[in-house]
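# Coordinates in review
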Number of protein chains: 4
Amino acid sequence: MPRPNVEAERREQILRAACDELSEVGMQDLRLSDLARRAGVSSGTIHYYFEGKHAVLVAAFEFNYRRSLERRRRLLDAGDEPLPTLRELVDSYLPRRPEALTAWRVWAQLWAEATRNDEYRAINESLYAEWRGLVTELIARGQDRGSIRDGDPGVLADMLIGMIDGLATQVLAGSKDMPVERMSSTLQQFIDDFLALAPARARH
Amino acid sequence: MPRPNVEAERREQILRAACDELSEVGMQDLRLSDLARRAGVSSGTIHYYFEGKHAVLVAAFEFNYRRSLERRRRLLDAGDEPLPTLRELVDSYLPRRPEALTAWRVWAQLWAEATRNDEYRAINESLYAEWRGLVTELIARGQDRGSIRDGDPGVLADMLIGMIDGLATQVLAGSKDMPVERMSSTLQQFIDDFLALAPARARH
Amino acid sequence: MPRPNVEAERREQILRAACDELSEVGMQDLRLSDLARRAGVSSGTIHYYFEGKHAVLVAAFEFNYRRSLERRRRLLDAGDEPLPTLRELVDSYLPRRPEALTAWRVWAQLWAEATRNDEYRAINESLYAEWRGLVTELIARGQDRGSIRDGDPGVLADMLIGMIDGLATQVLAGSKDMPVERMSSTLQQFIDDFLALAPARARH
Amino acid sequence: MPRPNVEAERREQILRAACDELSEVGMQDLRLSDLARRAGVSSGTIHYYFEGKHAVLVAAFEFNYRRSLERRRRLLDAGDEPLPTLRELVDSYLPRRPEALTAWRVWAQLWAEATRNDEYRAINESLYAEWRGLVTELIARGQDRGSIRDGDPGVLADMLIGMIDGLATQVLAGSKDMPVERMSSTLQQFIDDFLALAPARARH
DNA sequence: GATGAATGAGCATTCATTCAT
DNA sequence: TATGAATGAATGCTCATTCAT
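Residues numbered from 1 in each chain as written. Chains lettered and ligands numbered in written order. Predicted model: local features only at pLDDT ≥ 70, side-chain atom pairs only at ≥ 80, totals over all residues. Heavy atoms only, no water.

## Observations concerning the overall build of chain A
Secondary structure assignment for chain A yields 10 helices and 0 strands. For chain A, the C-alpha atoms occupy an extent of roughly 60 × 45 × 30 Å along the three principal directions. When the 204 residues of chain A are sorted by exposure, 55% land in the buried category. Counting only contacts in chain A whose residues sit at least 6 apart along the sequence, the fraction spanning at least 24 positions is 66%. Entry remark: accessible area of chain A is about 9,000 Å², with carbon and sulfur atoms responsible for 49%. (Helix = DSSP H or I, 4+ residues; strand = E, 2+ residues; numbered from the N terminus. Buried < 20%, exposed > 50% of the residue type's maximum accessible area, 1.4 Å probe, protein only. Contact = heavy atoms within 4.5 Å. Areas by Shrake-Rupley, 256 points an atom, 1.4 Å probe, with all protein chains shown as cover.)

## A look at the UniProt feature "DNA-binding region" (unreviewed entry) in chain A
Here, the residues flagged by UniProt with the feature "DNA-binding region" (unreviewed entry) are residues 31-50 of chain A. Here residues 31-50 of chain A runs as 75% helix and 0% strand, with 14 Å between its end C-alpha atoms. (UniProt positions renumbered as here; feature names shortened; annotations may be inferred.)

## Observations regarding the pattern of salt bridges
A pair can form between side chains of opposite charge whenever their charged atoms are brought close. Tallied over the entire structure, the rule returns 74 salt bridges over all chains. Residues D:Arg149 and C:Asp193 are paired through a salt bridge, measuring 3.6 Å at the closest nitrogen-oxygen approach. In this pair, D:Arg149 is assigned in the loop between helix H7 (118-145) and helix H8 (153-172) and C:Asp193 in helix H9 (residues 180-195), connecting two distinct chains. Exposure remark for C:Asp193: the relative accessible area of 30% places this residue in the partly exposed category. Through salt bridges with shared partners, one network takes in A:Glu21, A:Glu24 and A:Arg38. (Salt bridge = Lys/Arg side-chain N within 4 Å of Asp/Glu carboxyl O.)

## Notes on the interface of chain A and chain B
Each partner contributes residues to the interface: chain A has 46 residues there, and chain B has 46 residues. Taken together, both faces of the contact between chain A and chain B bury some 3,900 Å²; the carbon and sulfur share is 54%. Remark: the boundary between chain A and chain B carries 4 salt bridges. A salt bridge links B:Arg182 to A:Asp158; the nearest nitrogen and oxygen atoms lie 2.7 Å apart. Where chain A meets chain B, there are 9 residue pairs in polar contact (both at pLDDT 80 or more). Listed by contribution, the elements that provide at least two residues to the side of chain A that touches chain B are helix H1 (6-25), helix H6 (98-114), helix H7 (118-145), helix H8 (153-172) and helix H9 (180-195) of chain A. Considering every element that reaches the side of chain A that touches chain B, the biggest residue donor is H8(A), with 12 residues. By residue class, the composition of the side of chain A that touches chain B is 17 nonpolar, 15 polar and 14 charged. (Buried area = accessible area lost by both parts, 1.4 Å probe. Polar contact = N/O pair within 3.5 Å; in protein donor to acceptor, adjacent residues only side chain to side chain. Nonpolar A, V, L, I, M, F, W, Y, C, P; charged D, E, K, R; others polar.)

## A word on the protein's contact with DNA strand E
Residues in close proximity to DNA strand E total 30 residues, the closest being A:Thr45, A:Tyr49, C:Thr45, C:Tyr48 and C:Tyr49. Expressed as a percentage, the sugar and phosphate content of the atoms of DNA strand E within 4 Å of the protein is 75%. A distance of 3.4 Å separates a base nitrogen of DNA strand E from a polar atom in the backbone of C:Gly44. Counting only elements with at least two residues in the surface near DNA strand E, the list comes to H1 and helix H3 (43-49) of chain A together with helix H1 (6-25) and helix H3 (43-49) of chain C. A breakdown of the residues in the surface near DNA strand E according to their chemical character gives 13 nonpolar, 11 polar and 6 charged. (Near = heavy atom within 4 Å.)

## Considering the relation of the copies chain D and chain C
Rotating chain D by 180° about the axis while translating it 0.0 Å along that axis superimposes it on chain C, leaving an RMSD of 0.1 Å. Seen this way, the second copy is the image of the first under a two-fold rotation axis. When the interface residues of chain D are mapped onto chain C, 100% of them again lie at the interface, so the same face is used by both copies. (Least-squares fit on C-alpha atoms with pLDDT ≥ 70 in both.)

## Thoughts on the interface of chain D and chain C
Each side of the interface is counted separately: chain D has 46 residues, and chain C has 46 residues. Of the roughly 3,900 Å² buried between chain D and chain C on both sides combined, carbon and sulfur atoms contribute 54%. The largest contributions to the chain D side of the interface with chain C come from D:Thr115, D:Arg116 and D:Gln170, which together make up 14% of the buried area. Our enumeration of links across chain D and chain C arrives at 4 salt bridges. Run the count over chain D and chain C and you get 8 residue pairs in polar contact (both at pLDDT 80 or more). Breaking the side of chain D that touches chain C down by element, the ones donating at least two residues are helix H1 (6-25), helix H6 (98-114), H7, H8 and helix H9 (180-195) of chain D.

## So, helix H8 (residues 153-172) of chain C
The first and last C-alpha atoms of H8(C) sit 28 Å apart over 20 residues, in line with the 28 Å expected at 1.5 Å per residue. Among the 20 residues in H8(C), 19 count as buried, and that is most of the element. (Expected span 1.5 Å × (residues − 1).)

## So, the environment of A:His47
Residue and element names in this part refer to chain A. Along the chain, His 47 falls in helix H3. We classify His 47 as partly exposed; its relative accessible area is 47%. Excluding residues that lie within four positions of it along the chain, His 47 makes contacts with Leu 32 and Gly 52.

## Describing the protein's contact with DNA strand F
In the vicinity of DNA strand F lie 31 residues, with B:Thr45, B:Tyr48, B:Tyr49, D:Thr45 and D:Tyr49 positioned nearest. The sugar-phosphate share of atoms of DNA strand F within 4 Å of the protein amounts to 73%. At 3.5 Å, a side-chain N or O of A:His47 approaches a phosphate oxygen of DNA strand F. Elements with a minimum of two residues in the surface near DNA strand F: helix H1 (6-25) and helix H3 (43-49) of chain B together with H1 and helix H3 (43-49) of chain D. Considered class by class, the residues forming the surface near DNA strand F number 13 nonpolar, 12 polar and 6 charged.

## Considerations on the packing of aromatic side chains
All names here are of chain A. Under the counting rule described, the total for this entry stands at 36 aromatic pairs over all chains. Joined through ring pairs, the aromatic side chains of Tyr 65, Trp 104, Trp 107 and Trp 111 make up one cluster. Above the face of the Phe 194 ring, Arg 149 is positioned so that its terminal group lies 4.7 Å from the ring centre. (Phe/Tyr/Trp six-rings, centres within 6.5 Å; stacked < 30°, edge-to-face > 60°. Lys NZ or Arg CZ within 6 Å of the ring centre and 35° of its normal.)

## With respect to the arrangement of the chains
A gap remains between chain A and chain C, with no contact made and the closest C-alpha atoms lying 13 Å from each other. Here chain B and chain D are not in contact; the least distance found between their C-alpha atoms is 13 Å.

## Re H9(D)
Residues that lie three or four places apart on an α-helix share one face, since the helix turns once every 3.6 residues. For H9(D), built from 16 residues, the straight-helix expectation of 22 Å at 1.5 Å per residue is met to within 8% by its first-to-last C-alpha distance of 21 Å. By the burial criterion, the buried members of H9(D) are D:Val180, D:Met183, D:Ser184, D:Thr186, D:Leu187, D:Gln188, D:Phe190, D:Ile191, D:Asp192, D:Phe194 and D:Leu195.

## Looking at the environment of C:Pro98
Along the chain, the position of C:Pro98 falls in helix H6 (residues 98-114). On the accessibility criterion, C:Pro98 (60% relative accessible area) is exposed.

## Some thoughts on the confidence of the model for chain A
Any segment with low pLDDT has predicted coordinates that should not be analysed in fine detail. All names here are of chain A. Averaged over all residues, the pLDDT of chain A equals 92, while 95% of them reach at least 70. At the low end of the mean pLDDT range in chain A sits helix H10 (residues 198-201), at 52; at the high end sits H8, at 98. Taken as a whole, residues 200-204 scores under 50 in pLDDT and shows 9 contacts with residues more than four places along the chain or in a different chain. (pLDDT = per-residue confidence, 0-100.)

## Remarks on the relation of the copies chain A and chain B
The operation relating the two chain copies consists of a rotation about an axis and a shift along that axis. Its rotation angle being 180°, the transformation that places chain A on chain B also includes 0.0 Å of axial translation and leaves an RMSD of 0.1 Å. Both copies present the same face, since 100% of the interface residues in chain A are matched by interface residues at the equivalent positions in chain B.

## Considering the packing of helix H4 (residues 53-77) of chain A against H7(A)
In helix packing, the relevant descriptors are the interaxial angle and the interaxial distance, both defined with respect to the helix axes. All names here are of chain A. Between H4 and H7, whose axes approach to 10 Å, the crossing angle comes to 5°. On the basis of the axis angle, H4 is roughly parallel to H7. Along its contact with H4, which presents His 54, Leu 57, Val 58, Phe 61, Glu 62, Tyr 65, Arg 66, Leu 69 and Leu 76, the element H7 presents Glu 119, Tyr 120, Ile 123, Leu 127, Glu 130, Trp 131 and Leu 134. Looking at the contact of H4 with H7 residue by residue, the class counts come to 11 nonpolar, 1 polar and 4 charged. (Axes fitted to C-alpha atoms, helices over the stretch in contact; angles between N-to-C directions. Parallel < 35°, antiparallel > 145°, perpendicular 65-115°, else oblique.)

## Observations concerning the side chain of D:Gln143
Tracing the sequence through the fold places D:Gln143 in helix H7. Using a relative accessible area of 17% as the deciding quantity, one classes D:Gln143 as buried.

Quick look at the structure:
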């Protein structure tokens, strides 16, 4: 009696391993045979479920994003005060815990590739738009509540997201000048000094 | 009697081509034979001047950085008003003109690799520290002149640089939500609203 | 259901071809692509079964020795009169028949390399010790039977084996002064005049 | 004022270095650039004096042989008692002193190559014939003096030379079962027990 | 559904050789 | 005479992909 969702199970098993590999060795050095071993299947099985290496990577990037969002679902759905939620969200994205680190490294791979490849470019485009929308929405709600300063929420979101991505890049690169705690304090200071309105600042 | 500096000439010829290739196809897809053709030499010549592919790439990253700085030398050495200089510097780094685009793409390659490889990590570390120092110095001078707000100049530099890098990443990735003009206005707005003191803001 | 022992089959198929190539072109001129063609497999298959060229060669030397011994197994196991057995053994090792020639040429390769390379040195060491032991044992048994003269059997074995190897070297080198028949008669004369005791000499 | 024999000087300089290289790394791993460095000339100079790598090697083998013979010239020309001279000659050829080791290693290279290549075969042929003639002559003179047993002196020479070459092969291969002292005693015992007549034996 | 043996195109690297000086 | 910069053919090895079982 075949289990009904063997297929979905196998795919996830492979994608999970793909993210780990991607994070550890990168896109180009990722060998399907290693991925197969890590996923506990044969290399033939990978090709049974995916068109080829390219298709595995594309699916892995999508999977990586969905999984990241999943982890923040509770945070985003709670509908708590926007400003504290923003602080928590930023904090949860710091490349500090293993899962966050892995997820960031996968993103870094995608970005490097999106620079030249249209397919990866499209993936970044759609995932990024979704992420950007979430932050913009949060900022707009904060402005409604009067806890976040005025200004185009999309621009403010771009500033914050840009800063997160840029600083994370240096943290990932292991820069001694940018340990994760400095990234954290720099971002919180940006929120304090630039985004938050007086009442929020009083929290500190 | 050998031509003087044939070596320096050849090396630069090769490194210039390496940056172009790096920008167009990336580190891993860069084939030495293509690089040779582009540089107008034989593949043997590449190996005559460099230990191997790896050594070419390492030298190319260094070359890319030095060349970028060279282009801004006049700007940095002029000793003009710090705030306008900062604006111009940011503007000159926008991934808009072909040379800037190429340079950014090379950086993107370095970052992706520095995530996992200690040698590239070291290159990023030293080049980044130098760049960070220049911006910090400029901000500190602006604070002395009273045109830039107070606060740890290193932290303010990190915010700006982080934002530049993060936004550039999306521009390079060809995001429709982040055309280079939006990157430009976002950064200038950050400078206006967050870094500049009132007199500077009056410029607008 | 995979064919049983595909692996053992393929390995032998490759090693057999490796000995032939080794004998014809030598270690250094042996190209894996030629070996592949000769073995009737792809170059990829060679690498599937062996770590690399080096590993193929090491295995081939071992294979060559085992195969040589296999051919004399009957002779050595029969337990016949030691002196006639020694004569037959020497005769069977003459580089006269194609298989013997091939085997000798492979040995010649190993020796040339063992002069400088520790790994090949170790192979020669172990195979040679085994071969030397067999001849020593045979001589000792002949001394027990009274058909071979007294003296340290190890030293007598070294004399005989040394002479075989040295003369074979000249036969292999195609020296006109040392055709294989002269090698044969020289060795048999050494056995007659130096090793054999009177009764054995009566055979002639 | 150009020195008259620059040419002869350069050639010897190169050949001397070639023998050393040949002995250390072997024929195939010998790179002309290394040889040039060792000889203290440029790679261009090698090609100026020799047709190519092949021609250097051929000349080096010839040079190696001549130099070996030169070292024994006094021994061979002295016209002393043949049997003691033979003992000394054998002793002088033991791969014990650095020069003898180097010379043997060069021979080993030649033999391995002569197995397959006609040109090297021809070199071995002529050098070997000369060497064989010298030993045969010495044995014949010993027989005339009554110090060496009867029998075809050419066959006796072949036995001795074969044994020398075969045992040397194992010494060169670094066999623990055949240190150079064992090679020495084995050969002297062969001379004592097989070649020498009673009076000579009394010497011990 | 799943396997893994087998493939072969692709690429970095080596090194003898050439030739302008 | 002598140099050494430059060449490019040659080859070991990798790995995505295929397919018989």
